[in-house]
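Examining the three-dimensional arrangement
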Amino acid sequence: MPTIVPTVEFTDTRLANGLRVIVAEDHLAPVVGINVWYGVGSKHEVPGKTGFAHLFEHVMFQGSKHVAKAEHIALVQAAGGTMNGTTWLDRTNYFETLPAHQLELGLWLEADRMATLLDALSQENLDNQREVVKNEKRWSYDNRPYGSWQEKLQGHLYPPEHPYHHSTIGSMADLDAASLEDVSEFFRTYYAPNNAVLSIVGDVDTADVLAAAERYFGAIPANPDIPPLGDLSLPPTLGGEIRETVYDRVPLPRVYLGFRAPAYGDPRLDALDVAGQILAGGKGSRLHKRLVRDERIAQDSALFTLGFVGGASICAGWATARPGIPVERVEAAYIEELERLAVEPVSTDELARAFALIEADELGAIQRVEERADRLSMYATLFDDPGLINRMLTRYLAVTPEAIMEVAAATFRADNRLVLTYLPELPPADAASVDDAATVDDSADDDEVAA
Amino acid sequence: MTAGTDPRRDGPVIAERPAPGTPRPYEFPAVRSARLANGLTVLVADLPGRPLVSATVIMPIGSADEPADVAGATVMTARALGEGTERYDAIALTEASERLGASLHAEAGWDAMSVGVEVPASRLEAALELLAEMLLHPTFPASEVERLRDERLNDLLQAQADPRRRADETYIGTIYAASSPYHRPSAGTRETVGRLDRDVLAATHARILDPATATMVVAGDLGDLDVVAVAERLLGGWQASGISADGSRTVDASGAGTGRLVRVIHRPGSVQTEIRIGHPGLPRRIADFHAVGVMSAILGGLFNSRLNMQLREAKGYTYGAGAGFDLRRGAGPFTARAAVNTEVTVPAIVDTLAELDRMRAEPVSETELAAARDFLVGVFPLRFETPGAVAGALTGLAVHGLPLDELVRYRERIEAVDVAAVSAAARQHLHVEDASIVLVGDADAFGAELEAAGLGRIVIERDDAPALDGAVPEDEAAAAVAPADGSDDLGPTAGAEDPDLPGSSDDPAAADSDAKDGTLGG
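Residues numbered from 1 in each chain as written. Chains lettered and ligands numbered in written order. Predicted model: local features only at pLDDT ≥ 70, side-chain atom pairs only at ≥ 80, totals over all residues.

1. Points about the domain arrangement of chain B
Residue and element names in this part refer to chain B. As assigned here, chain B comprises domain 1 (32-235) and domain 2 (261-500 + 516-521). Taken together, the contact pairs 53 residues of domain 1 with 43 residues of domain 2. Those elements that place two or more of their residues in the side of domain 1 that touches domain 2 are strand S4 (41-46), strand S5 (52-59), strand S6 (103-108), strand S7 (113-120), helix H4 (142-161), helix H5 (163-175), helix H6 (190-193) and strand S8 (215-220). Here the side of domain 1 that touches domain 2 gets 13 residues from one element, more than from any other, and that element is H5. (Domains from an automatic or database assignment. Contact = placed C-beta atoms within 7 Å. Helix = DSSP H or I, 4+ residues; strand = E, 2+ residues; numbered from the N terminus.)

Here it is, written out as structure tokens:
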């Protein structure tokens, strides 16, 4: 199927120290996106040291040998740029978008912290950012209605020994225990050029960029001893339904559904993504139409996948019950819609509409240099294949009704289902009953990060 | 791009910061302007190479213009436009739009209502047909209106439980007089939303739709499509209802006149306190708009703003602190905000007030001034990478009746802001002594310390025992921020999206989107 989305032309090279450099020229606007993915995420953390990857990401904005605390951001902003960093289960990324003539500033800043971060690391900065991260956790999870769902999702869908079991925000007790030496060790292990991908997209000349990359990064030593991850493989399903009821400070009950799903990169996850579009992609989607519009039993509904490369991804969603509607009724209707997808093929028109929206989304996403650079880094880091930037859409558009039925049948099964039910808070004595045998993590979590 | 000869190296890296290369000039895209016979203004920005086109029809009548007893009617009218038209029911309209890969949407905020679409260029004309149908021929089916009303009432319940929304809603109910529309959420309160039915929405629609004051903006790779001819075909027959509202009238933005009030919504066991500090601020059309922008950036807009450096980077009290002006047709609020861990609630307030005082008392340094100016000027091209952003800036001009050269001259006007102008803006527009303080958090944990700090008259409200104060009825305080209040503020914001609070770009919870409206600064 031909697509209206333009092809991204790029070059893909490696410096002698292993740093992968990907460059895509785009001369429409005088801007450049610089993006570095490090192949380290919360899955690399070991018990007792959860939350390190994310805390570390904060430390990356605290200065390096030639850059003072807070100066990284000051320099980017004064150059008319924006920047951030995020941490996720499989990786950590850092990025700047700058006026194109400030390209070298961005490269210099990234190189300085890749090579010399430890020269600037201090107990004071570590302590400060530890407090910031604790407030991030309070803000993103603890002080937010339904805020614990994501941590619970990971905690239930992955067994305790699996590195996806804990959230990226990690345990506050572990963060409290983090020493300067721990943080230094983390840096020396994972923040090496041979564990990074640098993508540059925008109004630049490829030869100039490659020369500059060599100049700024070429002498940073590789780490030949990056420890391999253990085996992340998992059974494809949970092996039994898990249910938990959570009493929270919420006015309306909400049910979250979670499922183990095919790993990111598996074409079956592409089919599940298309299924997600049909089930929950806007006002015309099946869940919205039935729960919110026709039966009027829910205030809202959602469904999405979180793709991970190790073992299994997550497919999850929720619906919030309207006042007076038993949450069980909402759950039953929600599940019925998922299961219907496994037994009835989607119509040609439904699939065509989903494709048109996916295609337009793709068109919208890659129009910004920041997003294009991020995707190049992502596909290179996770799949050793930056060319996926031009093939993922084709893969989505090749999904068939049969493939959707197959993945729905394999995923939306009772024995692969987590049901988290949030109910308005009861007196403290009754709170937080766990009615299954699953272990509940004691920390909240999440992804990301931030400077 | 090459930076001179042999830079000094220090071990594996280059020790010196590189000099910038030669900037390629950037100009805001050229805009063609036309006017149809019925008065509709059409603005067209052809952006070759940008195939996802953005089109919007914006009408400068908003929530601030609606009668107080049906507050929320404008926002709900916008939401109901797609719920059924003369030719389509809601699902048929949605499906027709999806077949084009178009996202068709309508929003309303304080200053305007708009209908917009993003669509691949090849299907623009078909998408505009749907947009015109939705704009001109909605039927407001009673049953769908009833559903939207219930959803809004449920949303108000949810807002009560969310500390952020509770703080925002309580804050506007505290700083504005009850006579001001800004005292209430733009999407209405429990009491007023209960009155909204199809007749109210149809009347609101008739009041807002007037081609003589409306503007259509189209931006993207238009190829040889004659947009004005398409507009003429689809919207040329649009005539005003004859009862159109006057979008140029003054908005009552009176302050509550309470002086410094410390209002606490007690939330037992809260691990953070949501803090809002401020007062009624400024309208968009002010002479010192650019100085206010620079001042806001220094105070609370940049990541390295005074507030964020003090509260986050020095003290670790918060994930992010900021401040800024929400510039509307009338004087929208000035707000300093942060969420801090409960134990440091009072010190965080004291620090925030001290920074507001310092902004007024001391001139900013040349370094601070340069950082803010350079950011606002330098980030300008980055802000207009997409057709949606270009169209958004142009609709902002239309809402506020500003000329096209406002954007063209933006950078030189920012460059011209000096230390004296920043000081003058701070002294004139920050009213620290009258700033109210709204807190949502565990009053039992910080109440005594708060009293001892002597910051002002304290009112503590507990959900089971409504305010004795009576200044702000509980119902009013409970309202939600409008989910879509995006039409104001063409001014490049200091944050240009959100550099004031970098973070969490991969948050799946973002699907659960909170209201996001334009503010200048933080």
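2. Side note on the sheet that holds strand S8 (residues 254-261) of chain A
The strands making up a sheet are joined through hydrogen bonds of the backbone, oriented either antiparallel or parallel. Residue and element names in this part refer to chain A. Judged by pairing direction, the sheet is mixed, and its five strands sit side by side in the order S7-S11-S8-S10-S9 without closing on themselves. In the strand order of this sheet, the two ends are held by strand S7 (242-248) and strand S9 (298-306), each with one partner. Pairwise comparison of adjacent strand axes, ignoring direction, gives a mean angle of 15° for this sheet. Contacts from helix H5 (residues 149-157) reach S7, S8, strand S10 (313-321) and strand S11 (417-424) within the one sheet, and its direction differs from that of S8 by about 40°. (Pairing = 2+ DSSP bridges. Axes fitted to C-alpha atoms, helices over the stretch in contact; angles between N-to-C directions.)

3. Some words on the pairing of strand S9 (residues 261-266) of chain B
Residues and elements named next belong to chain B. Counting buried residues along S9, five of its six residues qualify, which places the element largely inside the surrounding structure. Two strands pair when backbone bridges link them, and S9 and strand S14 (residues 457-461) are joined in this way by five bridges, in the parallel orientation. Residue pairing for S14: Leu261 is matched across the bridge by Arg457. Here five bridges tie S9 to strand S13 (residues 436-441), and the two strands are oriented parallel to one another. Within the sheet, the bridge partner assigned to Val262 lies in S13 and is Ile437. (Buried ≥ 20, exposed ≤ 12 C-beta atoms within 10 Å, placed from the backbone.)

4. Some words on the sheet that holds S4(B)
All names here are of chain B. One open sheet holds the six strands; their spatial order is S3-S4-S8-S5-S7-S6, and the pairing between them is mixed. Looking along the sheet, the strands with just one partner apiece sit at the ends: strand S3 (32-35) and S6. In this sheet, adjacent strand axes meet at a mean angle of 15° when their direction is disregarded. In the sheet, S5 pairs with S7 via eight bridges, with the strands oriented antiparallel. Along S7, the bridge assignment pairs Ile58 with Ser114.

5. Some remarks on the domain arrangement of chain A
Residues and elements named next belong to chain A. Structurally, chain A comprises domain 1 (11-217) and domain 2 (242-430). Taken together, the elements giving at least two residues each to the side of domain 1 that touches domain 2 come down to strand S2 (20-25), strand S3 (31-38), strand S5 (92-99), H5 and strand S6 (196-202). With six residues, S3 is the single largest residue contributor to the side of domain 1 that touches domain 2. Among the residues forming the side of domain 1 that touches domain 2, the class breakdown is 17 nonpolar, 10 polar and seven charged. (Nonpolar A, V, L, I, M, F, W, Y, C, P; charged D, E, K, R; others polar.)

6. Some words on unusual backbone geometry
Phi is positive for A:Asp384, close to 55°, though the residue is something other than glycine. A positive phi angle is found at B:Phe140, which is not glycine, with a value near 45°. As for its position among the elements, B:Phe140 is in the loop between helix H3 (124-136) and H4.

7. A few points about the pairing of S6(B)
Residue and element names in this part refer to chain B. A large share of S6 lies buried, amounting to five of its six residues. As paired strands, S6 and S7 are joined by six bridges and run antiparallel to one another. Bridge pairing links Glu107 to Ser114 in S7.

8. Focus on the packing of helix H10 (residues 306-314) of chain B against helix H11 (residues 345-361) of chain B
Residues and elements named next belong to chain B. The contact between H10 and H11 brings their axes to 10 Å, and the two run at 155°. Our classification of the angle between H10 and H11 gives roughly antiparallel. For the crossing formed where H10 meets H11, the hand is right-handed. Contact residues: Arg306, Leu307, Gln310 and Leu311 in H10; Ala348, Asp351, Thr352 and Glu355 in H11. Per-class residue counts for the contact of H10 with H11 are three nonpolar, two polar and three charged. (Parallel < 35°, antiparallel > 145°, perpendicular 65-115°, else oblique. Left-handed = near helix turned anticlockwise from the far one by under 90°.)

9. Side note on the environment of B:Val228
With respect to the element layout, B:Val228 can be found in helix H8 (residues 227-235). Taking the C-alpha atoms as reference, B:Val228 lies 13 Å from B:Asn38; in sequence the two are 190 residues apart.

10. A look at the interface of chain A and chain B
Facing the 84 residues of chain A at the interface are 78 residues of chain B. Listing elements by their share of the side of chain A that touches chain B, those giving two or more residues are helix H2 (71-78), strand S4 (82-87), S5, helix H3 (103-120), helix H4 (123-142), helix H8 (206-217), S9 and helix H12 (348-365) of chain A. Looking at the side of chain A that touches chain B element by element, the count peaks at nine residues for H4(A). Residue composition of the side of chain A that touches chain B, by class: 42 nonpolar, 20 polar and 22 charged.

11. Some thoughts on the confidence of the model for chain B
Residue and element names in this part refer to chain B. Averaged over chain B, the pLDDT score is 88; the fraction of residues at 70 or greater is 87%. Confidence drops under pLDDT 50 across residues 465-522; counting only partners more than four residues distant or on other chains, this segment forms 195 contacts. Model confidence for the complex: the whole-complex pTM is 0.91, and ipTM, which rates the interface, is 0.92. (pLDDT = per-residue confidence, 0-100.)

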